[in-house]
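Remarks on the overall topology
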Amino acid sequence: MEKLIVASNNKGKIAEIKAILSDMYDVRSLKEENLVSDPEETGATFVENAVIKAKAVYELTGIATLADDSGLVVDALGGAPGVQSARYSGTHGNDEKNNELLLKNLDGITDRTARFECAVALVKSDGEVIVAEGSTEGEILFSRKGEGGFGYDPLFYSYDLKKSFGMATAKEKNAVSHRARALAALEKKVRS
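Small disclaimer: the values here were computed from a predicted structure and weren't measured.

1. A look at the pairing of strand β2 (residues 26-29)
Burial along β2 is one-sided: V27 and S29 are buried, and none of D26 and R28, which face the opposite way, are. Where strand β1 (residues 3-6) lies against β2, 4 bridges are found, and the strand directions are parallel. Looking at β2, one finds that K3 is bridged to D26. Crossover connection from β1 via helix α1 (residues 11-21) to parallel β2: handedness right-handed.

2. Notes on unusual backbone geometry
With an omega dihedral of 0°, the bond running from A80 to P81 counts as a cis peptide bond. By the element assignment, P81 lies in the loop between β3 (65-74) and α3 (95-105). Within the chain, K162 stands out as a residue other than glycine whose phi angle is a positive 60°. Within the secondary structure layout, K162 lies in the loop between β6 (156-158) and β7 (163-164). Of the residues examined, K162 reaches a relative accessible area of 59% and is grouped as exposed.

3. With respect to the nonpolar core
Side chains that are nonpolar tend, in soluble globular proteins, to be buried together. Counting 20 residues, the largest nonpolar core has L4, L21, L66, V120, L183 and L186 as the members making the most contacts within it. Elements with a minimum of two residues in this core: β1, α1, β4 (113-123), β5 (129-140) and α5 (178-191). Excluding anything up to four places from it in sequence, V120 contacts A50, L66, A67, D68, I130, V131, A132, A182, L183 and L186.

4. Digging into the pattern of salt bridges
As enumerated under the stated definition, the model contains 19 salt bridges in all. For E16, the salt bridge is made with K173, and the minimal N-O distance between the two is 2.8 Å. Of this pair, E16 sits in helix α1 while K173 is found in helix α4 (residues 170-176), placing the two residues 157 residues apart along the sequence. Taking the relative accessible area as the measure of exposure, K173 reaches 5% and is therefore buried. Across the salt bridge formed by D75 and R115, the nearest N and O atoms sit 3.0 Å from each other. Of this pair, D75 sits in the loop between β3 and α3 while R115 sits in strand β4, and the two are 40 residues apart along the sequence. Judged by relative accessible area, D75 falls into the partly exposed class, the value being 35%.

The rules behind the values
- In this numbering scheme, every chain counts its residues from 1 along its sequence in written order.
- The model is predicted, so local features are restricted to residues of pLDDT at least 70 and side-chain atom pairs to those at 80 or more, both for listing and for counting; the totals for chains, interfaces and linings are taken over all residues.
- Values shown for side chains rest on all heavy atoms present in the structure; no hydrogens or waters enter the calculation.
- Only protein chains enter the accessibility calculation, which uses a 1.4 Å probe; a residue whose area is less than 20% of its type maximum is buried, one above 50% is exposed, and one in between is partly exposed.
- Put simply, DSSP H or I for four residues or longer makes a helix, DSSP E for two residues or longer makes a strand, and each gets a number counted from the N terminus.
- Criterion used throughout: strands pair if DSSP finds at least two bridges between them.
- By convention, orient the strands away from the viewer: a clockwise path from the first strand over the helix to the second makes the crossover right-handed.
- Here the nonpolar core consists of buried residues drawn from Ala, Val, Leu, Ile, Met, Phe, Trp, Tyr and Cys, with membership extended through side-chain atoms lying within 4.5 Å.
- The contact definition used throughout considers only heavy atoms, calling two residues in contact when any of these lie within 4.5 Å.
- The rule for a salt bridge is simple: a side-chain nitrogen of Lys or Arg has to be within 4 Å of a carboxyl oxygen of Asp or Glu.

Take it as geometry only, folks, not as evidence of what the structure does.
Dropping the structure here:
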């Protein structure tokens, strides 16, 4: 089975990608491959950032690489946090502070519609780049619900699941998540 490196240090993302793509690839994390890659995400879109991250690892290794860039898009906040989702509070990957700031910025706002969006970029072993996108609709709750998932999951009420991603099992979330949908779209492109 062909090796695929996931250009991420996010344990939650890596677990989701492994669960979804393990029948197609020997999915490996940067840590498992003893790699360090943290290119500056200068893209204005999820697609641009996913490509930046995938190409950076591919250029180091020559091995097929997958990267995703994803985030929460809140209508009432003009699309924020968007590409800044992981750094929304100013500290990269601080889920607690990001969630607190989101709730603060939505205080008093009744339109809480939102979606998670994901772009995945695959740089194949021959250097070809394939990109796919996915999204899932929902709204932002007024308080956290559930202990599962990561990031904004406890605040995101999924219209598909009729509960927060924080209350969903990994299997439930992977059936409807933005990442699952982007990976499914990517899988179709790879297999065609």
